[in-house]
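# Notes for the structure review
Residues per chain are reported as follows:
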Amino acid sequence: MRGSKALPRPLPAPGAAWIGFALAAAAWLLAYRSLRPFWDAVVFDAAGLRPGSRTADVVHFFLYDTTKILLLLSGVIFAVGVLRSFFSLERTRALLGGRREGVGNAAAAALGVVTPFCSCSAVPAFVGFVAAGVPLGVTLSFLIASPMVNEVAVVLLYGLFGWKVALLYVASGLVLAVAAGFALGRMNLERWVEPFVYETRVGGVALDPSRGLGWDERFAIGRQEVRSILARIWPYLLVGIGLGALIHGWVPESFFLRWAGPDRPWAVPFAVALGIPLYSNAAGVLPLIEALHAKGVAMGTLLAFMMAVVALSLPEMVLLRRVLKPALILVYVAIVGLGIVLTGYLFNAIL
Amino acid sequence: MEIKVLGMGCQSCRTLKANVAKALNDLALKAEVEEVTDFGEILGYGVSSTPALVLDGKVVLAGRVPQAGQIRALLEQATGP
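No experiment lies behind these values; they were computed from the predicted model shown.

## A closer look at the overall build of chain B
Counting its secondary structure elements, chain B contains three helices and four strands. Sequence-ordered secondary structure for chain B, helices as α and strands as β, is β-α-β-α-β-β-α. Taking 81 residues into account, the globule formula puts the C-alpha radius of gyration at 12 Å, and chain B, at 12 Å, falls close to it. Overall, chain B is about 30 × 25 × 20 Å in size when its C-alpha atoms are taken along their principal axes. For chain B, the residues scored as buried account for 51% of the 81 residues in total. Counting contacts in chain B only where the partners sit at least 6 residues apart, residues at least 24 apart contribute 67% of the total. For chain B, the exposed area adds up to about 3,600 Å²; of that, 47% sits on carbon and sulfur atoms.

Here you go:
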């Protein structure tokens, strides 16, 4: 009999979940392919706007990008949601417990990407990891990778800039998480962790939410993820895309090139410094980045900005203050910030 | 029955609390729903992923927000034979 911890549920036909999934996938593909022709017809033929005119550009950009991004996001959030249903903080904690640094950092970064993790769990997750014998640096690798290499960011990068940029982003995010976590681990900063963390005993029997789930439950989790994430980010998306549309149509190229073009060396640190105190999810920031890029701001600078916004979040720092002393938080921000700046320069050089 | 919602105050923890209230309403059950925000206590239950639901001292769900229907089923199981 399946684990007694599995949720009780009604019994649908086993194949029904997969049939539903196949139908939805087909519908999604069809919609995705017909997007451009559809909006071309609506904006240029039906509404009669002249292709190339500012109004037509802005309207088309806004409508097409919003729907394209929504479709992409729905598809990927669903897929990743289902993937994440196989992982949990409890399982990750067990996998990382007692591992030494180096390998542990790499494992932590990889797991950071696939483990479902809400910022509010940051504190129990941190304490739980430490109590399970996960080294401090390894735990930090997890905490860095998790928000940065998230599927929303990767999808949007792919949709807007192509797979090379998306791949580079994932690779650099992972390398950064491993390197920064390893460096922080080597600094022996345990003295800057609140003492009670090392004295906490994790009690009870850990309930692993990833065990014993049927496919229909996993698909339900995927659907729920899409609903909850879209519900949370849609205002950011609209504002971000709206802003991008306006910039697309109205701001002259020279404006941004003057202070942030590829030939300005201090643009990268400036962008990172700007991004650190800001907090947004990747969705809100990316359309803006797309428009700025179209106006000539270097890709590396923009990606560095995005990483700084997404990876270092003020709300999470405030939460972590309960377990980390301010000195450690500062060093953490400094090292990760430095890594992001270096990544920005690297991207500017390669892309 | 003793019901506890473990969470540190984020949106999903509030949603869980609301769904629990709705489930209780649907089943016409009266029970105290206590919100536990002290992570020392949360860890005492062995929970790393919040929000989590504890019925009569036993952790029945952790890591995500179930719909009211699932909570109903859990409550029925806990009060059942």
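## What to know about the interface of chain A and chain B
How big an interface is tends to be stated in terms of accessible area lost as the parts join. Every contact between the two is made by 27 residues of chain A and, on the other side, 25 residues of chain B. Buried area between chain A and chain B, summed over both chains or domains, comes out near 2,200 Å², and the portion from carbon and sulfur atoms is 61%. Summed over the shared surface of chain A and chain B, the result is zero salt bridges. There are zero residue pairs in polar contact (both at pLDDT 80 or more) connecting chain A and chain B.

## Looking at the sheet that holds strand β3 (residues 52-55) of chain B
All names here are of chain B. What the four strands build is an open sheet, ordered β2-β1-β3-β4; its pairing is mixed. If you trace the sheet from one side to the other, it starts and ends with β2 (32-36) and β4 (58-62), each paired once. Put simply, the sheet's adjacent strands are angled 25° from each other on average, direction ignored. Packing of helix α1 (residues 11-27) onto the sheet brings it into contact with β1 (2-6), β2 and β3, and relative to β1 it is tilted by some 155°.

## Examining unusual backbone geometry
Residues apart from glycine generally show negative phi values, whereas peptide bonds are mostly found in trans. At N188 of chain A, a position not held by glycine, the phi torsion is positive, near 50°. Among the secondary structure elements, N188 of chain A is positioned in the loop between α8 (163-186) and α9 (196-199). Even without a glycine there, the phi angle at D56 of chain B is positive, about 50°. On the secondary structure map, D56 of chain B appears in the loop between β3 and β4. Exposure remark for D56 of chain B: the relative accessible area of 48% places this residue in the partly exposed category.

## A closer look at the confidence of the model for chain A
For chain A, mean pLDDT is 84; residues scoring 70 or higher make up 91% of the total. Predicted confidence in chain A is weakest over helix α11 (residues 253-260) of chain A, with a mean pLDDT of 58, and strongest over α8 of chain A, with 93.

## Notes on a nonpolar patch on the surface
On the surface, a cluster of nonpolar side chains totalling about 370 Å² of accessible area is made up of W18, F21, F86 and W215 of chain A. In this fold, F21 of chain A is placed in helix α1 (residues 16-46).

## Overview of the packing of aromatic side chains
Residues and elements named next belong to chain A. Counted under the stated rule, the structure contains twelve aromatic pairs over all chains. Ring centres 5.6 Å apart and planes at 85° place the aromatic pair W18 and F21 in the edge-to-face group. Linking W18 with F21, this pair stays in helix α1, spanning three residues, or about one helical turn. Here F21 falls in the partly exposed class, since its relative accessible area comes to 32%. Seen in terms of ring centroids, F117 and F142 are 5.5 Å apart; in terms of plane orientation they differ by 65°. Their pairing is edge-to-face. Taken together, the residues F117 in the loop between α4 (103-114) and α5 (122-131) and F142 in helix α6 (residues 136-148) connect sequence positions 25 residues apart. The same class applies to F117 as to F142, namely buried. An aromatic cluster is defined as three or more aromatic residues linked by ring pairs; in this entry it consists of W18, F21, F78, F86, W215 and F219. A cation over an aromatic ring shows up here: R36 above the ring of Y64, its NZ or CZ 4.5 Å from the ring centre. Note that R191 overlies the ring of W192, its terminal NZ or CZ placed 4.7 Å from the centroid.

## Some points on the pairing of β1 of chain B
Residues and elements named next belong to chain B. Burial of β1 is extensive: four of the five residues sit out of reach of the surface. Running through α1, the crossover from β1 to the neighbouring parallel element β2 is right-handed. Sheet analysis places β1 next to β3, joined by four bridges and oriented antiparallel. In the sheet register, K4 faces β3, and the bridge partner there is V54.

## Considering the pattern of salt bridges
Residue and element names in this part refer to chain B. With the rule as written, the count across this model stands at six salt bridges over all chains. Across the pair K17 and E35 runs a salt bridge whose closest N-O atoms are separated by 3.3 Å. Linking K17 in helix α1 with E35 in strand β2, this pair joins segments that are 18 residues apart in sequence. The partly exposed category is assigned to K17, whose relative accessible area is 31%. The class of E35 is partly exposed, set by a relative accessible area of 35%. Sharing partners across several salt bridges, the network here consists of K22, D26 and R72.

## Focus on the side chain of S85 of chain A
All names here are of chain A. Looking at where S85 falls in the secondary structure, it is placed in the loop between α2 (54-84) and α3 (89-96). Exposure remark for S85: the relative accessible area of 5% places this residue in the buried category. Polar contacts involving the side chain of S85 include one to the side chain of R218, which spans 2.8 Å. Beyond its immediate sequence surroundings of up to four residues, S85 is in contact with S210, L213, R218 and I221.

## Structural notes on α1 of chain A
All names here are of chain A. Its maximal kink placed at L35, α1 deviates by approximately 45°, while the proline P37 follows within four residues. Here α1 has its buried residues at A17, L35, W39 and V43. Two residues or fewer after α1 comes G48, characterised by a positive phi angle close to 75°.

Rules used in this analysis
Residues numbered from 1 in each chain as written. Chains lettered and ligands numbered in written order. Predicted model: local features only at pLDDT ≥ 70, side-chain atom pairs only at ≥ 80, totals over all residues. Heavy atoms only, no water. Helix = DSSP H or I, 4+ residues; strand = E, 2+ residues; numbered from the N terminus. Rg over C-alpha atoms; globule rule 2.2 N^0.38 Å. Buried < 20%, exposed > 50% of the residue type's maximum accessible area, 1.4 Å probe, protein only. Contact = heavy atoms within 4.5 Å. Areas by Shrake-Rupley, 256 points an atom, 1.4 Å probe, with all protein chains shown as cover. Buried area = accessible area lost by both parts, 1.4 Å probe. Salt bridge = Lys/Arg side-chain N within 4 Å of Asp/Glu carboxyl O. Polar contact = N/O pair within 3.5 Å; in protein donor to acceptor, adjacent residues only side chain to side chain. Pairing = 2+ DSSP bridges. Axes fitted to C-alpha atoms, helices over the stretch in contact; angles between N-to-C directions. pLDDT = per-residue confidence, 0-100. Patch = residues over 30% accessible without salt bridge, like charges linked within 9 Å, V, L, I, M, F, W, Y side chains within 5 Å. Phe/Tyr/Trp six-rings, centres within 6.5 Å; stacked < 30°, edge-to-face > 60°. Lys NZ or Arg CZ within 6 Å of the ring centre and 35° of its normal. Right-handed = clockwise from strand over helix to strand, strands pointing away. Bend = angle between axes of the 7 residues up to and from the residue.

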